[in-house]
Amino acid sequence: MGTGYTLQCRKCGYEISADLGVGFFFPRAYQQAMKAGRAGKLGKKIKQFLREHPDGALDVENVFLQCPECGMLEKGPDLSMYVRNPDVPRREKGIWSVAAPFEDVDYVSPMELKEEQTYTLYAPGHICEKCGKPMKSITDNELMRSRFDKEKETDRTEVSCPECGDLLWIAEIGMWD
Ligand SMILES: [Zn+2]
Ligand SMILES: [Zn+2]
């Protein structure tokens, strides 16, 4: 359900690998992230956010994260914080996957956070340590889209190399559960 990427710079040889997207066990991963967030393991800001917004949600999709200012590139869960819009009724949650019916586990999917009207972005999950700018998330979907959009150089991404600024290429791609 997720995609593994190795991005590579053809100019200087810089390389970064990550499993992006959400896995088969996403509902469980969501619960673990919320628990860690409430316990303060994901930083003070998230702990405080979840205390002040008991029905707040976190985007736990695995992404690449890049600083728009200095180009620093990292990987990890997005961790953007979202608040629920009070006038949108809570809807019945379907099961995550027919093969993994975690019926008793509540979760909020990244798609629900970004594509529906139920949630509003409250704060970005990552701030560049050097520049203090919010880090931009680069998702599996975005990498896939740029891959299918272009006629030539299909594996060239729009992610710049943190070392030399050249655009990175997809050197390897695979699936993960
Ligand atoms: Zn920066
Ligand atoms: Zn480079």
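The model shown is predicted, which means the values in this text are computed figures rather than measured ones.

A. Broad picture of the pattern of salt bridges. Following the criterion strictly, the structure yields 5 salt bridges and no others. Among the ionic pairs, Arg84 bridges to Asp55, the shortest N-O distance being 3.9 Å. Placement of Arg84 in strand β6 (residues 81-84) and of Asp55 in the loop between α2 (44-52) and β3 (57-58) is noted, with a sequence separation of 29 residues between them. Since its relative accessible area comes to 38%, Asp55 is described here as partly exposed. For the salt bridge of Lys114 with Asp59, the shortest nitrogen-to-oxygen distance reads 3.3 Å. One end of the pair, Lys114, is in helix α3 (residues 110-115); the other, Asp59, is in the loop between β3 and β4 (62-66), with 55 residues separating them in the sequence. Asp59 sits in the buried class, given a relative accessible area of 1%. Salt bridges sharing common partners tie together Asp59, Glu61 and Lys114.

B. Looking closely at the coordination of the zinc ion (ligand 1). Donor atoms from the polypeptide that bind the zinc ion (ligand 1) are Cys67 (SG), Cys70 (SG), Cys128 (SG) and Cys131 (SG), placed at 2.2 to 2.3 Å. Coordination at the zinc ion (ligand 1) is tetrahedral, judged from the 4 donor atoms that bind it and the angles of 105 to 112 degrees they form at the metal. Expressed as a motif, the donor residue spacing for the zinc ion (ligand 1) is C-x2-C-x57-C-x2-C. Highlighted residues: Cys67 in the loop between β4 and β5 (73-77) and Cys131 in the loop between β7 (119-123) and β8 (136-138), separated in sequence by 64 residues. Taking the relative accessible area as the measure of exposure, Cys131 reaches 31% and is therefore partly exposed.

C. Inspection of the side chain of Ser137 at higher detail. Mapped onto the elements of the fold, Ser137 is located in strand β8. In terms of polar contacts, Ser137 uses its side chain to reach the side chain of Asp78, at 2.5 Å. In contact with Ser137, other than residues within four places in its own chain, are Val63, Phe64, Leu65, Asp78 and Glu142.

D. Broad picture of the sheet that holds β6. Taken together, the 3 strands give an open sheet; going across it, the order is β3-β6-β7, and neighbouring strands pair in antiparallel fashion. Two strands bound the open sheet, and with one partner strand each, they are β3 and β7. In terms of strand pairing, β6 meets β7 through 4 bridges, oriented antiparallel. Its bridge partner lying in β7, Tyr82 is registered against Leu121. Packed onto the sheet, α2 meets β3, β6 and β7 and runs at close to 5 degrees relative to β6.

E. Local environment of the side chain of Asp78. Here Asp78 is to be found in the loop between β5 and β6. For the buried Asp78, no salt bridge exists, and the shortest N-O distance to an oppositely charged side chain is 5.0 Å, to Lys114. Apart from residues lying up to four places away in sequence, Asp78 is in contact with Asp59, Glu61, Val63, Gly125, His126 and Ser137.

The rules behind the values
- Residues numbered from 1 in each chain as written.
- Chains lettered and ligands numbered in written order.
- Predicted model: local features only at pLDDT ≥ 70, side-chain atom pairs only at ≥ 80, totals over all residues.
- Heavy atoms only, no water.
- Salt bridge = Lys/Arg side-chain N within 4 Å of Asp/Glu carboxyl O.
- Helix = DSSP H or I, 4+ residues; strand = E, 2+ residues; numbered from the N terminus.
- Buried < 20%, exposed > 50% of the residue type's maximum accessible area, 1.4 Å probe, protein only.
- Donors = N, O, S within 2.8 Å, 3.2 Å for Na, K, Ca; no water.
- Tetrahedral: all angles 85-135°; square planar, octahedral: opposite > 155°, others 65-115°.
- Polar contact = N/O pair within 3.5 Å; in protein donor to acceptor, adjacent residues only side chain to side chain.
- Contact = heavy atoms within 4.5 Å.
- Pairing = 2+ DSSP bridges.
- Axes fitted to C-alpha atoms, helices over the stretch in contact; angles between N-to-C directions.
- Lys, Arg positive; Asp, Glu negative; His and termini not counted.

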